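Here is how the chains run, residue by residue.
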Amino acid sequence: MCTTCGCGTDHVTIDGKAHGHDHGHDHGHDHGHDHRHDHPAPAHAHAAGTPAGRAVAVERDILARNDAEADANRRRFTAQGILALNLVSSPGSGKTTLLVETIRRLGGDLGLAVVEGDQQTSNDAERIRATGAHAVQVNTGKGCHLDAHMVAHALDHLAPAEDSVVMIENVGNLVCPAAFDLGEAHKVVVLSVTEGEDKPLKYPDMFAAADLMLLNKCDLLPHLAFDADLCEANARRVNPAIEVLRVSATTGEGLDAWCDWVRAAAREARGRRVRGAARTGCGAACTCG
């Protein structure tokens, strides 16, 4: 998996500014844990004699540290009543177009902000900013996913408002993002009808981790030999509880149902903030969970 594949985080940038993992600076917020980030040797290190047991130990350590950062992000979201959604897909599924249309439909009702994850370029963040929404671009360099630490620093730049929605558009990849919790409330997997119906079976970890599958580009179904019912059945073979919405960001099909889903999840996030504040007596800035 990604923790041993050799992808690195040495060239991460946030809005074009270098972001290393040495952390010799003050964050201005408390994550509740240390910031050591030892990264594994590339996968070819096995050939050089790295014991398999050591590789497993390193992988567990990386995921444990990521989970600790994700928990801190989650406390932060909960304290502020923020709904955080982690949008995941393979490249070309239409995530960014879907986000643009979502912002156009929900921007007047909910405060929306976006964390954009790509290996290179700020193209997608610029498309989001053109809608008037605030977006932060995270470029992962050789990395094939966002991790909780990157998201934490992106949030510092983004400064989302209380009771808002943060959409995290992950790097296009159906493998590694499944393993990395970012502190989100839900993973939303976007699958386009230009892909195969068997994608959920080929990449089961991602579909098992997702709460919702958006089957996108459904306007193309009349022109394709794609069995949407079979695709949904395959997704439910992997994850019987997964919700499925058929949508088209181009024609607007299904987007009302998607926006209603987001609104309901946002109400739940606001409810958690209110209940947490009543329980602890803390203010909105509290991150004690």
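Residues numbered from 1 in each chain as written. Predicted model: local features only at pLDDT ≥ 70, side-chain atom pairs only at ≥ 80, totals over all residues. Heavy atoms only, no water.

## A word on the overall build of the protein
1) Next: Secondary structure summary: the protein contains 8 helices and 9 strands in total.
2) Next: Across the 289 residues of the protein, 51% fall into the buried class.
3) Next: Within the protein, contacts between residues at least 6 apart in sequence are counted, and of these 74% link residues at least 24 apart.
4) Next: Put simply, the protein shows about 12,700 Å² of open surface, and 50% of that area lies on carbon and sulfur atoms. (Helix = DSSP H or I, 4+ residues; strand = E, 2+ residues; numbered from the N terminus. Buried < 20%, exposed > 50% of the residue type's maximum accessible area, 1.4 Å probe, protein only. Contact = heavy atoms within 4.5 Å. Areas by Shrake-Rupley, 256 points an atom, 1.4 Å probe, with all protein chains shown as cover.)

## Here's the deal with the pairing of strand S9 (residues 243-246)
1) Next: With 4 bridges connecting them, strand S8 (residues 212-216) and S9 associate as parallel partners. Across the sheet, Leu215 pairs through a bridge with Arg246, a residue of S9.
2) Next: The handedness of the S8 to S9 crossover, carried by helix H7 (residues 228-238), is right-handed. (Pairing = 2+ DSSP bridges. Right-handed = clockwise from strand over helix to strand, strands pointing away.)

## Here's the deal with the nonpolar core
1) Next: Formed by 32 residues in total, the largest nonpolar core has its most connected members in Met167, Leu214, Trp258 and Val262.
2) Next: Contributions of two or more residues to this core are made by strand S3 (83-89), helix H2 (95-106), strand S4 (112-118), helix H3 (123-129), strand S6 (165-169), strand S7 (186-192), S8 and helix H8 (255-280).
3) Next: Considering each element in turn, this core owes the most residues, 8 residues, to H8.
4) Next: Apart from residues no more than four positions distant in its own chain, Val262 is found in contact with Leu83, Leu85, Leu106, Leu110, Val165 and Met167. (Core = buried A, V, L, I, M, F, W, Y, C linked by side-chain atoms within 4.5 Å.)

## Quick look at the packing of aromatic side chains
1) Next: Counted under the stated rule, the structure contains 1 aromatic pair.
2) Next: Ring centres of Trp258 and Trp261 lie 5.8 Å apart, and the angle between their planes is 20 degrees; on these two criteria the pair is classed as stacked. On the criterion of helical spacing, the pair formed by Trp258 and Trp261 is a turn pair, its members being 3 residues apart in helix H8. Taken individually, Trp258 and Trp261 each receive the classification buried, so the pair is uniform in this respect. (Phe/Tyr/Trp six-rings, centres within 6.5 Å; stacked < 30°, edge-to-face > 60°.)

## Notes on the environment of Ile62
1) Next: The residue Ile62 is located in helix H1 (residues 52-80) in this model.
2) Next: Separated by 118 residues in sequence, Ile62 and Phe180 have C-alpha atoms that sit 9.7 Å apart.

## What about unusual backbone geometry?
1) Next: Positive phi values are uncommon outside glycine, yet Ala159 reaches one of about 45 degrees.
2) Next: Structurally, Ala159 is set in the loop between helix H4 (148-158) and S6.
3) Next: With a relative accessible area of 57%, Ala159 lands in the exposed category.
4) Next: Look at Lys217: it is not a glycine, yet its phi comes out positive at around 65 degrees.
5) Next: The residue Lys217 is located in the loop between S8 and H7 in this model.
6) Next: Given a relative accessible area of 24%, Lys217 falls into the partly exposed group.

## A word on the pattern of salt bridges
Side-chain pairs of opposite charge can arise whenever the charged atoms involved come near each other.
1) Next: Using the criterion set out here, one finds 16 salt bridges in the structure.
2) Next: For Glu101, the salt bridge is made with Arg104, and the minimal N-O distance between the two is 2.8 Å. Note that Glu101 and Arg104 are positioned in helix H2 at a spacing of 3 residues, about one turn of the helix.
3) Next: A salt bridge links Lys202 to Asp198, with the shortest nitrogen-to-oxygen separation between them at 3.7 Å.
4) Next: Beyond isolated ion pairs, a larger network of salt bridges with shared partners links Asp229, Glu232, Arg236 and Arg246. (Salt bridge = Lys/Arg side-chain N within 4 Å of Asp/Glu carboxyl O.)

## Overview of H2
1) Next: Between the first and last C-alpha of H2 there are 16 Å, a value that for 12 residues agrees with the 16 Å anticipated at 1.5 Å per step.
2) Next: Across the 12 residues that make up H2, a large majority, 9, are buried.
3) Next: Listed in full, the buried residues belonging to H2 are Lys95, Thr96, Leu98, Leu99, Val100, Glu101, Thr102, Ile103 and Leu106. (Expected span 1.5 Å × (residues − 1).)

## Quick word on the confidence of the model for the protein
Note that predicted coordinates carrying low pLDDT should not be read in detail.
1) Next: Confidence along the protein averages 85 in pLDDT terms, with 79% of residues attaining 70 or more.
2) Next: Contacts for the low-pLDDT stretch residues 22-48, under 50 throughout, to residues beyond four places or in other chains number 44 contacts. (pLDDT = per-residue confidence, 0-100.)

## Observations concerning the environment of Ala70
1) Next: Inspection of the secondary structure assignment puts Ala70 in helix H1.
2) Next: Here Ala70 falls in the buried class, since its relative accessible area comes to 0%.
3) Next: For Ala70 and Gly183, which are 113 residues apart along the polypeptide, the C-alpha to C-alpha distance reads 4.2 Å.

## Some details on the state of the cysteines
What we call a disulfide is simply a covalent bond connecting the sulfur atoms of a pair of cysteines.
1) Next: Tallying each qualifying case throughout the model produces 0 disulfides.
2) Next: Cysteine Cys176 is unpaired, with the sulfur of Cys144 as its nearest cysteine sulfur at 3.4 Å.
3) Next: Judged by relative accessible area, which is 9%, Cys176 ranks as buried.
4) Next: Counting only cysteine sulfurs, Cys231 is the nearest neighbor of Cys218, a cysteine outside any disulfide, at a range of 9.1 Å. (Disulfide = S-S within 2.5 Å.)

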